[in-house]
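Observations on the three-dimensional arrangement
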Amino acid sequence: MEILDCPLLSVNVRVWRFWSFVLVHNWKRYISIIPVTLLNVFMFADLYRAWGNIEEVIINAYFAVLYFNAVVSALIRGDSPDAVGLINLWFLRFCNLFSGTMFGACALNDEVITKLVATYTKRARFLSISNLALGAFISGCFVVYPLFTGQRGLPYGMFIPGVNNFDSPQYEIFYLTQLVLTFPGCCMYIPYTSFFASSTLFGLVQIKTLQHQLRNFRSENLSESTTALNRKLQRLIEDHKRIIRYVQELNDLVTYICLIEFLSFGLMLCALLFLLNI
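Residues numbered from 1 in each chain as written. Predicted model: local features only at pLDDT ≥ 70, side-chain atom pairs only at ≥ 80, totals over all residues. Heavy atoms only, no water.

**Considerations on the overall build of the chain**
The cut-off we apply is this: A run of DSSP states H or I qualifies as a helix once it reaches four residues; a run of E qualifies as a strand once it reaches two. Both are numbered from the N-terminal end. Only protein chains enter the calculation, and the probe is 1.4 Å; a residue is then buried if its accessible area is under 20% of its type maximum, exposed if over 50%, and partly exposed in between. We call two residues in contact whenever any of their non-hydrogen atoms come within 4.5 Å of each other. With residues, only the protein chains shown are counted as cover, and all accessible areas are computed by Shrake-Rupley using a 1.4 Å probe.
Check the secondary structure of the chain and you find seven helices and zero strands. Starting at the N terminus and ending at the C terminus, the chain contains elements arranged as α-α-α-α-α-α-α. For the chain, buried positions account for 42% of its 278 residues. Counting only contacts in the chain whose residues sit at least 6 apart along the sequence, the fraction spanning at least 24 positions is 69%. Summing over all exposed atoms, the chain offers an accessible surface of approximately 15600 Å²; the carbon and sulfur share of this is 67%.

**Section: the pattern of salt bridges**
Quick reminder of the rule: The salt bridge definition used is simple: a Lys or Arg side-chain nitrogen within 4 Å of an Asp or Glu carboxyl oxygen.
A complete count under the given rule lists three salt bridges for this structure. In this structure, R49 and D46 form a salt bridge, with 2.7 Å as the shortest nitrogen-oxygen distance. Separated by three residues within a single helix, R49 and D46 lie in helix α2 (residues 27-49), roughly one turn from each other. By relative accessible area, D46 is classed as buried at 3%. Among the ionic pairs, E172 bridges to R152, the shortest N-O distance being 3.3 Å. One end of the pair, E172, is in helix α6 (residues 170-219); the other, R152, is in the loop between α5 (111-144) and α6, and 20 residues separate them in sequence. Since its relative accessible area comes to 33%, E172 is described here as partly exposed.

**Some details on the packing of aromatic side chains**
Any pair of aromatic rings gets described here by the distance separating the centres and the angle formed by the planes. We apply this condition: Working definition: a ring pair exists when centres of Phe, Tyr or Trp rings (six-membered ring for Trp) sit within 6.5 Å. Plane angles under 30 degrees give stacked, over 60 give edge-to-face, the rest tilted. Note on criteria: charge over ring means Lys NZ or Arg CZ within 6 Å of the ring centre, with the direction from the centre no more than 35 degrees off the ring normal.
Summed over all chains, the structure comprises 11 aromatic pairs. Residues F63 and Y156 carry aromatic rings whose centres are separated by 5.7 Å and whose planes lie at 55° to one another, so their mutual orientation is tilted. Of the two residues, F63 sits in helix α3 (residues 54-75) while Y156 sits in the loop between α5 and α6, which places them 93 residues apart along the sequence. Taken together, the aromatic side chains of Y62, F63, Y67, F142 and Y156 make up a single cluster linked through ring pairs. Seen from the ring of F18, K28 lies directly overhead, with NZ or CZ sitting 4.0 Å from the centre. One Lys or Arg, R123, reaches over the ring of Y120 and ends 4.9 Å from the middle of that ring.

**Observations regarding the packing of helix α1 (residues 10-18) against α5**
Note the threshold: To define axes, lines are fitted to C-alpha atoms, for helices over the stretch in contact only, and angles between the resulting N-to-C directions are given on a 0 to 180 degree scale. Roughly parallel here means an angle under 35 degrees, roughly antiparallel means over 145, roughly perpendicular means 65 to 115, and every remaining angle is called oblique. For this classification, Asp, Glu, Lys and Arg are treated as charged, while Ala, Val, Leu, Ile, Met, Phe, Trp, Tyr, Cys and Pro are nonpolar and the rest, including Gly, are polar.
Contact pair α1 / α5: the axes reach a minimum separation of 8 Å and the direction vectors enclose 45°. What the angle tells us is that α1 and α5 run oblique. The segment α1 lies against α5, with S10, V11, N12 and V15 engaging R125, S128, I129 and L132. Counted by class, the contact of α1 with α5 contains four nonpolar, three polar and one charged residues.

**Some points on the side chain of N12**
Worth spelling out the cut-off: Definition of a polar contact: a pair of N or O atoms within 3.5 Å, with one able to donate and the other able to accept a hydrogen when the atoms are protein atoms, and with sequence-neighbouring residues admitted only if both atoms are side-chain atoms.
With respect to the helices, strands and loops of the structure, N12 is situated in helix α1. Among the polar contacts made by the side chain of N12, one reaches the side chain of S128 at a distance of 3.2 Å. Setting aside its immediate chain neighbours within four residues, N12 contacts S128, P191, S194, F195 and S198.

**A short note on the UniProt feature "transmembrane region" (unreviewed entry) in the chain**
How we decide: UniProt positions are given in the numbering used here, feature names are shortened, and annotations may be inferred rather than shown by experiment.
Using the residue numbers shown here, the UniProt feature "transmembrane region" (unreviewed entry) corresponds to residues 27-45, 57-76, 88-108, 129-148, 173-192 and 253-276. Along residues 129-148, the helical share is 80% and the strand share 0%, with 29 Å between the first and last C-alpha atoms.

**Notes on unusual backbone geometry**
S168 connects to P169 through a cis peptide bond whose omega is 5°. Within the secondary structure, P169 sits in the loop between α5 and α6.

**Some details on α1**
Those residues of α1 that sit buried are S10, V11, N12, V13, V15 and W16. Immediately downstream of α1, the backbone of S20 shows phi near 60°, a positive value.

**A look at the nonpolar core**
Note the following rule: The definition of a nonpolar core used throughout is a set of buried Ala, Val, Leu, Ile, Met, Phe, Trp, Tyr and Cys residues joined through side-chain atoms within 4.5 Å.
W16, F21, L39, M43, Y156 and M188 are the most contacted members of the largest nonpolar core, which totals 45 residues. Listing elements by their share of this core, those giving two or more residues are α1, α2, α3, α5, α6 and α7 (226-276). No other element matches α6, which puts 11 residues into this core. With near-sequence residues (within four places) excluded, M43 lies in contact with F63, A64, Y67, Y156, G157 and M158. Counting residues in each nonpolar core, the second largest holds 11 residues, with L8, V117, V205 and Y246 among its members.

**Notes on a nonpolar patch on the surface**
Note the threshold: Like-charged residues are merged into a patch within 9 Å and nonpolar side chains (Val, Leu, Ile, Met, Phe, Trp, Tyr) within 5 Å, provided each residue has over 30% relative accessible area and no salt bridge.
There is a patch of nonpolar side chains on the surface, built from V144, L147, F148, L176, L179 and V180 and spanning about 600 Å² of accessible area. Per element, the largest residue contribution to the nonpolar patch is three residues, and it comes from α6. Within the secondary structure, L147 is located in the loop between α5 and α6. Judged by its relative accessible area of 55%, L147 is exposed.

What follows is the structure, given as structure tokens:
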């Protein structure tokens with residue numbers, strides 16, 4: 001089973017493939033990653049400029065960190081020959097492991113397991129599609145909000161030395177640029193979190209499948225020969241080892257990104273709560 005044909009992950013992987021983050025390499029990757037990265041640099045420059053104005057810094061820092069995580073999560077799926085490319089190899093290896101495991105689960109001639117796979121597949125696809133749609137909707141609302149404030153403002157704070165962001169025509173150019181880059185930013189970040197959630201759901205499918213097989217093994221007629229029982233038990237042990245490898249591969253792929261997100265967004269939430277109390 002190819003990863004694009006795996007219904008549990010296909011939504012996220014197809015979005016990445018469209019922007020050529022994985023599986024293909026073309027110009028779409030550069031028109032998304034490079035402009036968003038430059039925007040993120042200018043956002044951090046604006047934080048440096050506004051340092052001391054705690055309210056402005058905290059609000060703009062949230063979006064700066066959000067876009068930073070989007071850039072990082074996109075770059076780790078690149079195919080450069082350095083450490084980033086190594087992470088990409090981990091990603092592709094995990095996808096191959098995922099699709100092979102998914103095929104094995106679907107190939108089991110068991111009504112309970114088939115129903116289990118179908119149920120969690122629907123959940124994962126709904127989660128991926130709804131996350132992307134909701135993220136695009138919220139981002140769209142946020143970028144049009146400055147139009148209703150009665151004064152000139154940009155969706156995301158940015159600072160370019162020697163340039164006044166609010167003079168024409170650069171204001172219109174910057175506003176349209178941020179408006180256009182919002183959707184690629186969503187496609188860089190949201191599918192990664194959905195991918196992690198979908199992969200976790202499939203881990204639950206594997207565990208529940210093993211539990212079901214163990215219950216059947218225990219309740220089966222033990223009149224079979226010892227050799228046949230040993231073969232079944234060995235297959236169950238191999239399945240357990242495969243689940244352990246799957247979890248290890250998933251941890252290797254997402255642990256550090258999740259750590260960065262936990263620390264950065266945790267700090268931002270603490271800062272926002274502090275802002276509400278002053």
